[in-house]
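# Observations on chain architecture
Spelled out from the first residue to the last, the chains are:
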Amino acid sequence: MFQPPGRSPGRSLTLLLLLFLQSSFRASQAAKPKGPGHTHLNSIRIDGDISLGGLFPVHARGHDGKACGELKKEKGIHRLEAMLFALDRINNDNNLLPNITLGARILDTCSRDTHALEQSLTFVQALIEKDGTDVKCLGGGAPIITKPERVVGVIGASSSSVSIMVANILRLFKIPQVSYASTAPELSDNTRYDFFSRVVPPDTYQAQAMVDIVKAMRWNYVSTVASEGNYGESGVDAFIQKSREDGGVCISQSVKIPREPKQGEFDKVIRRLRENPNARVVILFANEDDIRRLLHAAKKANQTGHFIWVGSDSWGSKISPVLNQEEMAEGAVTILPKRQSIRGFDRYFISRTLENNRRNIWFAEFWENNFNCKLSRHALKKGPGLKKCTNQERIGKDSSYEQEGKVQFVIDAVYAMAHALHTMHQELCPGKVGLCSKMDPINGTLLLKHIRRLNFAGIAGNPVLFNENGDAPGRYEIYQYQIRNRSAEYKIIGHWTDQLHLNVRSMQWPGGVRQVPSSICSQPCQPGERKKTVKGIPCCWHCERCDGYQYQADTYTCKMCRFDLRPNENHTGCVPIPIVKLEWSSPWAVIPVLIAVAGIMATVLVVGTFIRYNDTPIVKASGRELSYVLLTGIFLCYATTFLMISAPDVGICSLRRIFLGLGMSISYAALLTKTNRIYRIFEQGSMSVSAPRLISPASQLVITFTLASVQLLGVCIWFGVDPSQAIIDYEDQRTSNPALARGVLKCDISDLSLICLLGYSMLLMVTCTVYAIKTRGVPETFNEAKPIGFTMYTTCIIWLAFIPIFFGTSQSTEKMYIQTTTLTISVSLSASVSLGMLYMPKVYVVLFHPEQNVPKRTRSLKAVVTAATMSSKFNPKASLRPNGEAKTELCESLETQTFSTKQTYISYSNHAI
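First things first, this report covers the structure right here in the doc. Everything numeric in this text was worked out from a predicted model, so none of it was measured. (Residues numbered from 1 in each chain as written. Predicted model: local features only at pLDDT ≥ 70, side-chain atom pairs only at ≥ 80, totals over all residues. Heavy atoms only, no water.)

### Overview of the overall build of the protein
Within the protein one finds 24 helices and 30 strands. Taken over 913 residues, the protein has a buried fraction of 53%. Within the protein, contacts between residues at least 6 apart in sequence are counted, and of these 68% link residues at least 24 apart. Per element, the accessible surface of the protein, about 41300 Å² overall, is 55% carbon and sulfur. (Helix = DSSP H or I, 4+ residues; strand = E, 2+ residues; numbered from the N terminus. Buried < 20%, exposed > 50% of the residue type's maximum accessible area, 1.4 Å probe, protein only. Contact = heavy atoms within 4.5 Å. Areas by Shrake-Rupley, 256 points an atom, 1.4 Å probe, with all protein chains shown as cover.)

### Section: helix 11 (residues 363-371)
Within helix 11, seven of the nine residues are buried, which leaves the element mostly enclosed by the surrounding structure. Listed as buried for helix 11 are Phe363, Glu365, Phe366, Trp367, Glu368, Asn370 and Phe371. Contacts from the buried residues of helix 11 go to strand 4 (59-61), strand 5 (68-71), helix 2 (73-91), helix 10 (343-350), strand 15 (373-374) and strand 16 (387-388). Among the residues trailing helix 11, Asn372 stands out with phi positive, at a value near 55 degrees.

### Side note on the pattern of salt bridges
Where charged atoms of side chains with opposite charge meet at close range, the side chains can pair. Within this structure, the stated rule accounts for 24 salt bridges. Ionic pairing is found between Arg79 and Glu404, a salt bridge with its closest N-O pair at 3.0 Å. Taken as a pair, Arg79 in helix 2 and Glu404 in the loop between strand 16 and helix 12 (407-428) lie far apart in primary sequence, 325 residues in all. Per residue, the accessibility class of Arg79 equals that of Glu404, and both read buried. Ionic pairing is found between Arg624 and Asp615, a salt bridge with its closest N-O pair at 3.2 Å. (Salt bridge = Lys/Arg side-chain N within 4 Å of Asp/Glu carboxyl O.)

### Re the packing of aromatic side chains
Scanning the model with the defined rule gives 23 aromatic pairs in all. Ring plane angle 75 degrees and centroid distance 6.4 Å describe the contact between Phe610 and Tyr628, whose orientation is recorded as edge-to-face. Here Phe610, found in helix 14 (residues 587-612), pairs with Tyr628, found in helix 16 (residues 624-645); they are 18 residues apart in sequence, far enough to count as distant. The class of Tyr628 is partly exposed, set by a relative accessible area of 25%. (Phe/Tyr/Trp six-rings, centres within 6.5 Å; stacked < 30°, edge-to-face > 60°.)

### Side note on the packing of helix 21 (residues 815-838) against helix 22 (residues 840-848)
Running from amino to carboxyl end, helix 21 crosses helix 22 at an angle of 40 degrees, the nearest separation of the two axes being 4 Å. In terms of orientation, helix 21 lies oblique with respect to helix 22. Along its contact with helix 21, which presents Leu835, Gly836, Met837 and Leu838, the element helix 22 presents Met840, Pro841 and Lys842. In terms of residue class, the contact of helix 21 with helix 22 is built from five nonpolar, one polar and one charged. (Axes fitted to C-alpha atoms, helices over the stretch in contact; angles between N-to-C directions. Parallel < 35°, antiparallel > 145°, perpendicular 65-115°, else oblique. Nonpolar A, V, L, I, M, F, W, Y, C, P; charged D, E, K, R; others polar.)

### Description of the pairing of strand 3 (residues 50-56)
The buried fraction of strand 3 amounts to seven of the seven residues, a majority that puts the element mostly inside the structure. The alternating pattern of strand 3 places Ile50, Leu52, Gly54 and Phe56 on one face and Ser51, Gly53 and Leu55 on the opposite face, and all of these are buried.

### A short note on the sheet that holds strand 30 (residues 742-747)
With respect to topology, three strands assemble into an open sheet ordered 28-30-29, the strand pairing being mixed. The open sheet has two free edges, formed respectively by strand 28 (579-580) and strand 29 (726-733), since each of these has just one partner strand. Of the pairings in the sheet, the one linking strand 28 to strand 30 comprises two bridges and is parallel in character. By the bridge assignment for strand 30, Ile579 is matched with Gly743. Helix-sheet contacts for helix 21 involve strand 28, strand 29 and strand 30, and the interaxial angle to strand 29 is about 120 degrees. (Pairing = 2+ DSSP bridges.)

### As for a positive patch on the surface
On the surface, Lys262, Lys268, Arg271 and Arg274 cluster together into a patch of positive charge. Of note, Arg274 is situated in the loop between helix 7 (265-273) and strand 12 (281-285). We classify Arg274 as partly exposed; its relative accessible area is 42%. (Patch = residues over 30% accessible without salt bridge, like charges linked within 9 Å, V, L, I, M, F, W, Y side chains within 5 Å. Lys, Arg positive; Asp, Glu negative; His and termini not counted. Charge placed at Lys NZ, Arg CZ, Asp CG, Glu CD.)

### So, the environment of Thr114
By the element assignment, Thr114 lies in helix 3 (residues 113-124). As a C-alpha pair, Thr114 and Ser161 span 47 residues in sequence and 9.4 Å in three-dimensional space.

### Remarks on the state of the cysteines
All chains considered together, the criterion is met by nine disulfides. One disulfide bridge connects Cys521 with Cys540, the sulfur atoms lying 1.8 Å from each other. The sign of the S-S torsion, about 115 degrees, decides the handedness of the disulfide formed by Cys521 and Cys540: right-handed. Of this pair, Cys521 sits in the loop between strand 21 (500-502) and strand 22 (529-534) while Cys540 sits in strand 23 (residues 537-545), and the two are 19 residues apart along the sequence. Cys540 matches Cys521 in its accessibility class, with the two residues each being buried. (Disulfide = S-S within 2.5 Å.)

The following block contains the structure:
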């Protein structure tokens, strides 16, 4: 059994598997050509005292069963040439490894981990002992077995999945490995990958930088896309973990691209990303080929400008992923370990030709690809329209050239191996020229220790050093792919070293806009809205308005305002509800006031006329005492309007209680006394000529004031039970829309209290109406019953209309205005009806027809009563007599006659009795 030095027999099963793979791989190889720079099948071999291995993705991953695909000019050839460039510099440096030449064995991984594993067996061939005892030459001599060169360290690989696969083999043979591009966090596990180091920082730093970018842009809802394998999956896992630790970022979709994507796979990825249109930002941890095909699928789906790509260092500042799809990639933010363009490499690379670069077996293929020509009939590049290469083409002159982003790190990785060998040589071979016996063979474990102790200035001047896990410190530059004047370029917009430094002003988004696009699950809630978080997704929520009388107490809670408060305009707090009252300038007040003023003026006119013509027959005949009482009640009815409109306070509210019903009570008490007197006189007059009791003016006044005092007594009792006060009613105008809510300043008179207050007046009004109906048959010539009847009928109609209007508007927001106006107008109209029907005709006669205001001849009481009764029975048209002769006689007779038992003045008149 073959076994590497220092290995325990416990590894025998693994080694048997390796030997099987190695034998199958060796069977396809020819003998090693001699001389420096010679090629060895699909690898480059450069002779030297110490050989370093190299792993580069010269070709893309193959399809349809092929191991390798198309050539990768930048990620493959540029990086490979960077290693050759570094070897040339080191071999020409007299201070670094003097008199020791570094050689190389460089392999193509074809961007596939399984292919790389197969190729990397080349590095361990020299460590596997060959048993040639069973091999005999034809001449009987011992066979000559060519021993492969011994690789002491490996530069690479590029992809993390390839590095992981190769590292598992190299650690078995204690071969140190330094990667220039593998950033998977898994490789930081020093217990599993103890011989692995890298000059680039791990994705844990990169993931933190990307989380910082997302948060700096105020994005909180993103999708992730990862290439299947350690690099992509570990990178996305690190991003998700960091985003959870920092908080504030949620993942919409996590999509994985298979190693061997089927046709339409990328279209499916785009469809998944489109499921949540709010998640415009896509975090990419994918290889270069997958990025290119993903952008193409997005372009095919007509999603240009929709997605905002945030790419890892696998995208960096490469041209190939965005070639011919620049608009699709516009605005992409990419990250790349901090680097500088190496001018020395630029001079080296553009000077490469087919003649001076024969050591690179893939350079001819690069030449054809770069200049779009073919070298011979058997050229790899096919096509009828291709021109033949002239070998006069020059890189950078006849083709575009931009240094690939990882060139610096390839050179630093080679120098790290060289510096470690140099310090190891100084320790083991002090003062000796060339290699000494202690370095033959080179101890991989000791070399690893020297690698981990390094701290030197790299090719760009940045320090190259490793921590205990073989990781380099995190230093990144942030790029954005921008299109300006139809010219696309990667522009540095910031950097990250433990914390983010971003120049947002220099950023430009798809379409050339400067405003940062949004990628959030839910728009921020407006002031006055609370968040209702979607279960399991803290970045997504529904905004619920704090409606009605609620205000936003905090981000997630709405609370009700106090009864006397309402929410402010944006529902972020509560403000006092405005207090309203009926203003004098309001149309609801102007109309009642005008009616009241007109009524008071008319009442004053009547009173003044009556006082001026107090002794004339018509004024006497109207019953002067009750007329003045009735006019006082009418005046109080009009005056009530001003109390109802005045601003409520304790005094006004008290006066309202007193006078709102008092004026009507006095008026209807006087009218009731009149109609009752008429009814009793004619009821008794039909039976005898003797006068009824209590029909004198003094008696009538006593009856009237007695009836009115009942109203005052009720009000006094009310004051004792419930003192009057002004209140602010917040329920009266508490509308569904808080903006319209008002507190109503009013007196504490409820609708029920108002009914009770006006109830007695209504009772008097109804009783008076009943008597008016009973006296409707009395001849019009001899009494005032019919004008009083008309007055009461009209008044009843007014108050019947008042009831549905007043109580039917109790739920209206204009309740205060409608009810107050309705009540005051109803009271004023009632007074106006009484004033107009009972007194305006008298005033008209007194003022404009004084010839009718004269006394008539006087007859005895018996004759007058007899004439009135007979007139009632036999001459219904007696009313047609001019000036109401019989009526006047009766009035005068009753007014001047004195009865012996008691003096009673009787006035029969159609104006007032």
